[in-house]
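Given next are the chains, with one letter for each unit.
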Amino acid sequence: MRMPIDVHGTVAEGFEGVREEFAAHLAEERDDPGAQLVVYRHGRRVVDLWGGDGIDGDSLTTLYSIAKGAAHLVVALLVQDGVLDLDRPVAAYWPEFAAEGKDRLTLRELLEHRSGVVGDAEQPFTVEELVDDRIIAARLAGRKPLWEPGTAYGYHAFVIGALTGEVVRRVTGRTLQELYEERVRAPYGLDYHLGLPAAEESRWVEVQPLLPTPEEAALLKERAAAPDSIRGIAFNAHAPEPTDLVAFGNHPRVRALGPASSGGVGNARGVAGLYAAAISTVDGRPPLLTPQTAARFGELRTPGGPDLVTGSEDHFGLGFEYLPAIFPFLAPGTFGHSGATGSLGFADPANGIAYGYTRRRFAFPSGVGASVENGRLAQSVLRAAGAL
């Protein structure tokens, strides 16, 4: 029997129930997840909890697709500034992208995961290529899409940040990672990085694999995508050595370069702080996004139809996941992104809540989407805030 996991940290008055729910979750986990939970309300940190072997509040780990939220916050800022036009074709910014019938795809449609170039069907990526957004963008610019651009959507798991990042680079002359550092991370001192400085390596803890039961392992094998399917191509499963997510997350080049689709490194304080800065006044700084921009990027953009990669429905806003489709109790307009281990970050503008949950061990079912405990934890937060 596993020893009980101690819960550390603090909660503000009225949020004691969140601590109780977090402790109950850790007690019920079969395998130590190494988890952190941080919540802001109207720009003030009201929950800061952690528990698990080798984890404290300062620990950093690879948070996979949480990076997509950070990346597309930068895109939202550039749209808000008038630097980018959502209805302009991607090829107007990036002429090489027009190849193979992609000439009319707009930036808005790209952010909705509608480009059809979810991976490279002709030449699978190596891990060394997947960590480099410039290589991904250069390769995919000339590739034929797997469906007619704009007519359907599918999760661009490893590539969306590289594609939108190339648009950003062509317009501004700066990488998406550089703009994130200058406009978001550094001003707020956020512990979430798109490119981890070498000086912070001592705080990084490795991602841990799922430890499935025999029944879970059999189910995962049954559900595995065929390598040459759209899903297989999106997750680079058609490579001679299919991409292993645990090994990818622990690769030192992922930490160093911070690929904008899949390679951010941070903790729950950084993730929650990111979303707090997006919608709230934090430390005297006004919100990064106007209410109008937050609403624009947080509205549902893919209604009524399945994601051709994941099979989910009603999944995306602009760059962000439409999280009320995953957790229906969340207010309309809540936007954020999950990460492959089961981590989750979001902003709920209606209630002034910013949420960050991280775990270093993969959950079951593993892969895409927030782990199920986020439903319980987020509901406890909303109850404490008087929003349920």
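Residues numbered from 1 in each chain as written. Predicted model: local features only at pLDDT ≥ 70, side-chain atom pairs only at ≥ 80, totals over all residues. Heavy atoms only, no water.

Per an unreviewed UniProt entry, the chain goes by the name Serine hydrolase domain-containing protein and belongs to Streptomyces bangladeshensis.

*Asks:* I keep staring at the sheet that holds strand β5 (residues 192-193) and nothing clicks. Help me out?
*Replies:* Strand pairs in the sheet, formed through backbone hydrogen bonds, run parallel or antiparallel to each other. Spatial strand order, β4-β6-β5: three strands in an open sheet with antiparallel pairing. Each having just a single partner strand, β4 (61-62) and β5 make up the two edges of the open sheet. With two bridges connecting them, β5 and strand β6 (residues 265-266) associate as antiparallel partners. Paired with Y192 across the strands is G266, a residue of β6. (Pairing = 2+ DSSP bridges. Helix = DSSP H or I, 4+ residues; strand = E, 2+ residues; numbered from the N terminus.)

*Asks:* Looking at this structure, I do not really get the sheet that holds strand β8 (residues 335-338). What am I missing?
*Replies:* As summarised here, the arrangement of the seven strands in space is β1-β3-β2-β10-β9-β8-β7, forming an open sheet in which the pairing is antiparallel. Strand pairing shows two members of the sheet lacking a second neighbour, β1 (8-11) and β7 (321-322), which therefore form its edges. Pairing between strand β9 (residues 344-348) and strand β10 (residues 353-359): five bridges, direction antiparallel. Counterpart to F346 in the pairing with β10 is Y355. The sheet strands contacting helix α2 (residues 66-80) are β8 and β9, and the helix crosses β8 at an angle near 145°. Of the strands in this sheet, β2 (35-41), β9 and β10 are in contact with helix α15 (residues 373-384), which crosses β10 at around 150°. (Contact = heavy atoms within 4.5 Å. Axes fitted to C-alpha atoms, helices over the stretch in contact; angles between N-to-C directions.)

*Asks:* Sorry, what's going on with the environment of E122 here?
*Replies:* With respect to the helices and strands, E122 occurs in the loop between α4 (107-111) and α5 (127-130). Residue E122 is classed as exposed on the basis of its relative accessible area, which comes to 58%. Note: C-alpha distance between E122 and P349 (227 residues apart in sequence) is 42 Å. (Buried < 20%, exposed > 50% of the residue type's maximum accessible area, 1.4 Å probe, protein only.)

*Asks:* Is there a simple way to explain unusual backbone geometry in this structure?
*Replies:* Where the residue is not glycine, phi is negative for most of them; where a peptide bond is considered, it is trans in most cases. Despite not being glycine, E100 shows a phi value in the positive range, around 60°. Within the fold, E100 resides in the loop between α3 (90-93) and α4. For E100, a relative accessible area of 46% gives the class partly exposed. The backbone of N236 sits at a positive phi, close to 60°, despite the residue not being glycine. Counting through the fold element by element, N236 comes out in the loop between α10 (230-234) and α11 (245-249).

*Asks:* Looking at this structure, I do not really get the UniProt feature "domain: Beta-lactamase-related" (unreviewed entry) in the chain. What am I missing?
*Replies:* UniProt marks residues 25-357 with the feature "domain: Beta-lactamase-related" (unreviewed entry), using the numbering shown here. As a span, residues 25-357 carries 34% helix and 11% strand, and end to end its C-alpha atoms are 12 Å apart. (UniProt positions renumbered as here; feature names shortened; annotations may be inferred.)

*Asks:* How should helix α6 (residues 133-141) be read in this particular structure?
*Replies:* Spacing of three or four residues puts side chains on the same side of an α-helix, whose turn is 3.6 residues. Where α6 is concerned, the buried positions are D133, I136, A137, R139, L140 and A141. Where the residues of α6 are buried, they touch α5, α7 (160-172) and α8 (176-188).

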